[in-house]
Amino acid sequence: MRISKNNYYLEIARVVSRRSTCIRRQYGCVIVKNDEIISTGYNGSARGEGNCCDIGVCYRENMGIPHGEQYEKCVAVHAEQNAIISASRAELLGSTAYIVGFDKGNEIEAIPCLICERMLKNSGVEKIINMKGLWWTR
């Protein structure tokens, strides 16, 4: 049986998340417009910085910092942010972001952090879809 377009793009986001360099959480984001993938992103250290998966240590985890707090203490750039910076504003206007997330290998409901949600809105993304369906729309 043929899968739906939403599931197709979510499956691609799942594969993208496997490139994550984060020990704690692995996210993948695929941005689509007019049924064409414009960009992808996964969470990981900034270019040229050491990756947590290579170092074997997550500072936030070692310090017991809960999810959703003190993002400034994380070296990772979020999947949504990486997808946004890989596309032009013109491409992003009216697009849809498909987001998939894992916490230590277990799939979770991927919800953008507040900063990423604002960035997606400001970039022109019109909808956010995760494994539970439409999460947000303008």
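A quick note: this is a predicted structure, and the numbers were derived from the prediction, not measured.

Reading guide: rules and limits
Counting of residues starts from 1 at the beginning of each chain's written sequence and follows it residue by residue. In keeping with the model being predicted, local features are shown solely for residues with a pLDDT of at least 70 and side-chain atom pairs are shown and tallied solely at 80 or more, while totals for entire chains, interfaces and linings include all residues. Hydrogens and waters are ignored; side-chain quantities use all the structure's heavy atoms. Secondary structure is summarised from DSSP: a helix means a run of H or I of at least four residues, a strand means a run of E of at least two, and numbering begins at the N terminus for each. Should DSSP find at least two bridges between two strands, the strands are taken to pair. The term salt bridge refers to a pairing of a side-chain nitrogen on Lys or Arg with a carboxyl oxygen on Asp or Glu at a separation within 4 Å. To sort residues, take the accessible area from a 1.4 Å probe on protein chains only and compare it with the maximum for the residue type: under 20% means buried, over 50% means exposed, and anything in between is partly exposed.

I keep staring at unusual backbone geometry and nothing clicks. Help me out?
Trans peptide bonds make up the majority, and among non-glycine residues the majority have a negative phi. Phi at Asp35 takes a positive value of approximately 60°, unusual for a residue other than glycine. Turning to its location among the elements, Asp35 is positioned in the loop between β1 (25–33) and β2 (36–42). Positive phi outside glycine occurs at Gln70, with the angle close to 50°. Mapped onto the elements, Gln70 comes out in the loop between α3 (59–62) and β4 (76–77).

Sorry, what's going on with the pairing of strand β7 (residues 127–130) here?
Taken residue by residue, a regular strand's side chains alternate between the two faces of the sheet. Bridge count for strand β5 (residues 96–103) against β7 is three bridges, and the pairing is parallel. Bridge pairing links Ala97 to Ile128 in β7. As paired strands, β7 and strand β8 (residues 133–137) are joined by four bridges and run antiparallel to one another. Directly across from Ile129, in β8, lies its bridge partner Leu134.

Looking at this structure, I do not really get the pattern of salt bridges. What am I missing?
Side chains that differ in charge, positive against negative, can pair when their charged atoms come close. Within the structure shown, the criterion is met by seven salt bridges. Between Glu11 and Arg14 there is a salt bridge whose closest N-O contact spans 2.8 Å. Remark: Arg14 and Glu11 occur in helix α1 (residues 5–17); sequence separation between them is three residues, near one turn of the helix. For Arg25, the salt bridge is made with Asp103, and the minimal N-O distance between the two is 3.4 Å. Of the two residues, Arg25 is situated in strand β1 and Asp103 in strand β5; the sequence distance between them amounts to 78 residues. For Asp103, a relative accessible area of 18% translates into the label buried. Several salt bridges converge on common partners, so that one network encompasses Glu11, Arg14 and Glu107.

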